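Here is how the chains run, residue by residue.
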Amino acid sequence: MKSVSATLPFVHFARPSIGEDEIAEVVRCLRSGWITTGGIARRFETEFAARIGATHALAVNSATAGLHLALEASGIGPGDKVAVPVHTFTASAEVIRYLGADPVFVDVEADTLNLDPQSLERVIRKEGPVKAVMPVHFAGQACDMDAIARIAGSVGATLIEDAAHAFPTTFRGRTIGTIGRATVFSFYATKTIATGEGGMVVTDDAAIADRIRVMRLHGISRDVFDRYTSESPSWYYEVIAPGFKYNMTDVAAAIGVHQLKRADKFQSRRAKIAAAYDKAFAALPIEVPSVRRPDDLHAWHLYVIKLKLDQMRLTRNEFIARMSELGIGTSVHFIPLHLHPYWRDRYRLTPGDFPVASVQFERIVSLPIYPAMSDDEVARVIDSVKSVMSAAA
Ligand SMILES: *Cc1c(COP(=O)(O)O)cnc(C)c1O
């Protein structure tokens, strides 16, 4: 087994699908003489807003930047509390700290690993009202937005969605990006559409959009241009706040406009791979990803299996090592935030505070799922999982 697999190329955990259209558009941009934020970024915003069905889309250089801007524009500041799931990437919580506010961590649902509405209610009862709630649509499946919106509404909290995994995703027929006050997507290299680094904030709220437009570029007001277009010289601008440097370049947007066109094809390929995995693993001591609402669109950014550890003789870490020996890249999403020294120590978090996330963390493995995977590569992942599991039975 080992000698055969050693001759086969490694199946990487993730790989972007960059086509000739993306490459040609980037080359065109580079030759145009305009390589920072300009017409292509604006075009990407217009087309993205139309795809979501949102009024405003603001392109930024990462989803982390977008989340920071969305919270800032919502008035989150020192001493405020923002509810965030403990099972997420550190970016979701770090942006709360950027503003001097504090995250309150919420446990997740055992099946979907999404923010658990009951835990959210419990945490709010214990910690007091939060100023914002940030659901994370884990793996590309929507959170229970009806329950979460109801709970957030009951304490007057703003909904800011971390949709880094969730393009394109729907919740009961509604597109993610049309529910919360602001929703943030990621175009990081491994995400469902990729620009290397990049992100997009979408909102129907004109005040939020205006504030983000100013704050993503040094706090420079555009109103001044609008007011003085004819009279004021082209070099004139006014700084109205200490803003950030979060704008998306046209080089990145040139990739984005073509990735956006291919997003639905990407999603159906991902869904097809997920279905092949579901079928292949049905008889193994593996829990496949639980899908709550089969009629909704699942972005399938991640395919996260849960090992039935009590039915096998391997730990999750050993499983990952065996898969790697067979030439298959895997990962773990996520190491919950309460296990990281900064969050653990600053907020005195213990595994007992998050019983679900703590138990599920020991069992989860993310398998490769991306449109650039060939059928052969999908078959190799399946064969490798079967082979590791049969040796572990
Ligand atoms: C990738 C990711 C982010 C950050 O996205 P960037 O574009 O890399 O800043 C935020 N939240 C989650 C859940 C992510 O997976």
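Treat the numbers as computed from the prediction; the structure is a model and nothing was measured.

J.: Hey, could you run me through the pattern of salt bridges in this one?
T.: Summed over the entire model, instances satisfying the criterion amount to 25 salt bridges. With its nearest N and O atoms 2.7 Å apart, the salt bridge here joins Arg 262 to Glu 22. Residue Arg 262 is found in helix α10 (residues 250-281), and its partner Glu 22 is found in helix α2 (residues 20-32); the two are separated by 240 residues along the sequence. The exposure class assigned to Glu 22 is buried, which follows from its relative accessible area of 1%. A salt bridge links Arg 174 to Asp 146; its shortest N-O distance comes to 3.0 Å. Linking Arg 174 in strand β7 (residues 174-175) with Asp 146 in helix α7 (residues 145-154), this pair joins segments that are 28 residues apart in sequence. With relative accessibility at 36%, the residue Arg 174 sits in the partly exposed group.

J.: Help me understand the side chain of Glu 377, please; the structure alone is not making it clear to me.
T.: The residue Glu 377 is located in helix α14 (residues 375-392) in this model. From its side chain, Glu 377 meets the backbone nitrogen of Ser 374 in a polar contact 2.9 Å long. Apart from the residues lying within four places of it in its own chain, the contact partners of Glu 377 are Val 11, Arg 15 and Ala 372.

J.: In this structure, what is going on with the sheet that holds strand β13 (residues 303-307)? I would like to understand it.
T.: Sheet strands pair via backbone hydrogen bonds, and the direction of the pair is either parallel or antiparallel. Spatially, the three strands line up as an open sheet ordered β12-β13-β14, and their pairing is antiparallel. Edge strands, defined here as strands with exactly one partner in the open sheet, are β12 (286-287) and β14 (364-367). Sheet topology places β12 next to β13; two bridges connect them, and they run antiparallel. Its bridge partner lying in β13, Glu 287 is registered against Lys 306. Along the sheet, helix α11 (residues 316-325) contacts β13 and β14; its crossing angle with β14, the most-contacted strand, is approximately 25 degrees.

J.: Any chance you could explain the site of the ligand here in plain terms?
T.: Taken together, 16 residues sit near the ligand, with Thr 64, Asp 162, His 165, Ser 186 and Lys 191 positioned nearest. One of the backbone nitrogen or oxygen atoms of Ala 63 is found 2.8 Å away from an oxygen atom of the ligand. Side-chain polar atom of His 165 to an oxygen atom of the ligand: 2.7 Å apart, as the coordinates give it. Out of a free accessible area of 380 Å², the ligand has 92% covered by protein chains. Counting only elements with at least two residues in the shell around the ligand, the list comes to α4 (63-73) and α5 (90-98). The class makeup of the residues in the shell around the ligand is seven nonpolar, seven polar and two charged.

J.: Looking at this structure, I do not really get the environment of Leu 58. What am I missing?
T.: If you trace the backbone, Leu 58 turns up in strand β1 (residues 56-60). Spatially, the C-alpha atom of Leu 58 lies 10 Å from that of Ala 70, the residues being 12 residues apart in sequence. Residues within four places of Leu 58 in sequence aside, it is in contact with Glu 45, Gly 199, Met 200, Val 201, Ala 209, Ile 212, Arg 213 and Arg 216.

J.: Whenever I open this one, unusual backbone geometry confuses me. Can you help?
T.: At the junction of Phe 167 and Pro 168, the peptide bond is cis and its omega measures out at -10 degrees in the coordinates. For Pro 168, the position within the fold is in the loop between β5 (158-162) and β6 (170-171). The omega torsion of the bond from His 333 to Phe 334 falls at 0 degrees, within 30 degrees of zero and hence cis. Tracing the backbone shows Phe 334 in the loop between α11 and α12 (341-346).

J.: In this structure, what is going on with the pairing of strand β2 (residues 81-85)? I would like to understand it.
T.: Note on strand geometry: in a regular strand, side chains alternate between the two faces of the sheet. Judged by how many residues are buried, β2 sits mostly within the fold: four of five residues are covered. Where β2 meets strand β3 (residues 102-106), five bridges bridge the pair, whose relative direction is parallel. Bridge pairing links Val 84 to Phe 105 in β3. Between the parallel elements β2 and β3, the chain passes through α5 in a crossover that is right-handed. Note: β2 against strand β4 (residues 132-133), two bridges, orientation parallel. Bridging across to β4, Ala 83 finds its partner in Val 133.

Rules used in this analysis
Residues numbered from 1 in each chain as written. Predicted model: local features only at pLDDT ≥ 70, side-chain atom pairs only at ≥ 80, totals over all residues. Heavy atoms only, no water. Salt bridge = Lys/Arg side-chain N within 4 Å of Asp/Glu carboxyl O. Helix = DSSP H or I, 4+ residues; strand = E, 2+ residues; numbered from the N terminus. Buried < 20%, exposed > 50% of the residue type's maximum accessible area, 1.4 Å probe, protein only. Polar contact = N/O pair within 3.5 Å; in protein donor to acceptor, adjacent residues only side chain to side chain. Contact = heavy atoms within 4.5 Å. Pairing = 2+ DSSP bridges. Axes fitted to C-alpha atoms, helices over the stretch in contact; angles between N-to-C directions. Near = heavy atom within 4 Å. Areas by Shrake-Rupley, 256 points an atom, 1.4 Å probe, with all protein chains shown as cover. Nonpolar A, V, L, I, M, F, W, Y, C, P; charged D, E, K, R; others polar. Right-handed = clockwise from strand over helix to strand, strands pointing away.

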